[in-house]
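# An overview of the molecular structure
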Amino acid sequence: MRLVVEADDFDAALAFYRDALGLPEEAAYSGDGGARVAILDAGRATLEIANPQQKRMIDDVEVGRPVAPRIRVAFEVADGRAVTDRLVDAGAIPVAPPTVTPWRSLNSRLDAPADLHITVFQELADELPEPDGPGPTTAPHS
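Below or above, wherever it landed, is the structure these notes cover.

Conventions we followed
- Residues numbered from 1 in each chain as written.
- Predicted model: local features only at pLDDT ≥ 70, side-chain atom pairs only at ≥ 80, totals over all residues.
- Heavy atoms only, no water.
- Core = buried A, V, L, I, M, F, W, Y, C linked by side-chain atoms within 4.5 Å.
- Buried < 20%, exposed > 50% of the residue type's maximum accessible area, 1.4 Å probe, protein only.
- Helix = DSSP H or I, 4+ residues; strand = E, 2+ residues; numbered from the N terminus.
- Contact = heavy atoms within 4.5 Å.
- Patch = residues over 30% accessible without salt bridge, like charges linked within 9 Å, V, L, I, M, F, W, Y side chains within 5 Å.
- Areas by Shrake-Rupley, 256 points an atom, 1.4 Å probe, with all protein chains shown as cover.
- Salt bridge = Lys/Arg side-chain N within 4 Å of Asp/Glu carboxyl O.
- Lys, Arg positive; Asp, Glu negative; His and termini not counted.
- Charge placed at Lys NZ, Arg CZ, Asp CG, Glu CD.
- Phe/Tyr/Trp six-rings, centres within 6.5 Å; stacked < 30°, edge-to-face > 60°.

As a further point, take the nonpolar core. Core analysis: the biggest nonpolar cluster contains 17 residues, and Phe16, Tyr17, Leu21, Phe75, Leu87, Ile118 and Val120 have the highest contact counts within it. Residue assignment for this core shows that the elements contributing at least two residues are α1 (10-20), β3 (73-76), α3 (80-89), β5 (105-112) and β6 (116-123). If one sorts the elements of this core by residue count, α1 sits on top with four residues. Residues contacting Val120, with those up to four places away along its chain left out, are Phe75, Val77, Gly80, Val83, Thr84, Leu87, Leu106, Asn107, Ser108 and Leu110.

The following block contains the structure:
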């Protein structure tokens with residue numbers, strides 16, 4: 001799957017996703033009239049379909065209120081806190097700090113270049129103690 005995102009400030013978006021988030025550039029092309037595109041390797045893709053109730057529940061757990069638009073992009077990282085700090089330093093607007101979820105991941109929310117609302121998540125496995133309270137019956141990854 002390839003997600004195509006239009007960015008008004010192409011250079012800022014490229015610097016954010018390639019340099020700050022660390023997505024390797026696979027290819028870049030330019031064309032007539034100033035047309036430019038960069039194809040970044042974001043790893044394995046999945047399409048997560050959620051009903052409105054699930055979307056609200058995830059927002060509530062990760063942020064404490066409804067904030068996500070219809071489309072939210074999630075990136076798995078090795079160090080959620082460090083990557084979140086690096087992305088804020090690179091211009092992302094923090095929406096919610098890294099938060100341990102009932103499905104055992106550390107998730108933060110950011111408003112990022114190209115008008116994307118993103119989640120940065122780190123799978124925790126057994127790194128931290130279980131959070132209090134019941135978790136979802138299925139484990140979403142974002």
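Let us now look at the side chain of Thr84. Within the element layout of this structure, Thr84 appears in helix α3. Assessed through its relative accessible area of 5%, Thr84 is described here as buried. Discounting residues that sit within four places of it in the chain, Thr84 has contacts with Pro98, Ser108, Leu110 and Val120.

Before going further, it helps to examine a negative patch on the surface. Together, Glu6, Asp8, Asp9, Asp111 and Asp115 give the surface a local cluster of negative charge. Summarising the element assignment, Glu6 is placed in the segment before α1. Relative accessible area serves as the criterion here: at 68%, Glu6 is assigned to the exposed category.

Another point: unusual backbone geometry. One non-glycine residue with positive phi stands out, namely Arg104, at about 65 degrees. Turning to its location among the elements, Arg104 is positioned in the loop between β4 (93-100) and β5. Here Asp115, not a glycine, exhibits a phi torsion of approximately 55 degrees, which is positive. Considering the arrangement of structural elements, one finds Asp115 in the loop between β5 and β6. Residue class for Asp115 comes out exposed when judged on its relative accessible area of 77%.

So, about the packing of aromatic side chains. Going through the model one piece at a time under the given rule, you end up with two aromatic pairs. Consider the rings of Phe16 and Tyr17, whose centres lie 4.8 Å apart with planes at 80 degrees: the pair is edge-to-face. When its relative accessible area of 1% is taken as the criterion, Phe16 is described as buried. Between the aromatic rings of Tyr17 and Phe75, the centroid separation amounts to 6.3 Å while the plane-to-plane angle is 40 degrees, which identifies the pairing as tilted. In this pair, Tyr17 is assigned in helix α1 and Phe75 in strand β3, connecting sequence segments 58 residues apart. Tyr17 gets classed as buried once you look at its relative accessible area, which sits at 7%. Aromatic rings pair up to connect Phe16, Tyr17 and Phe75 into one cluster.

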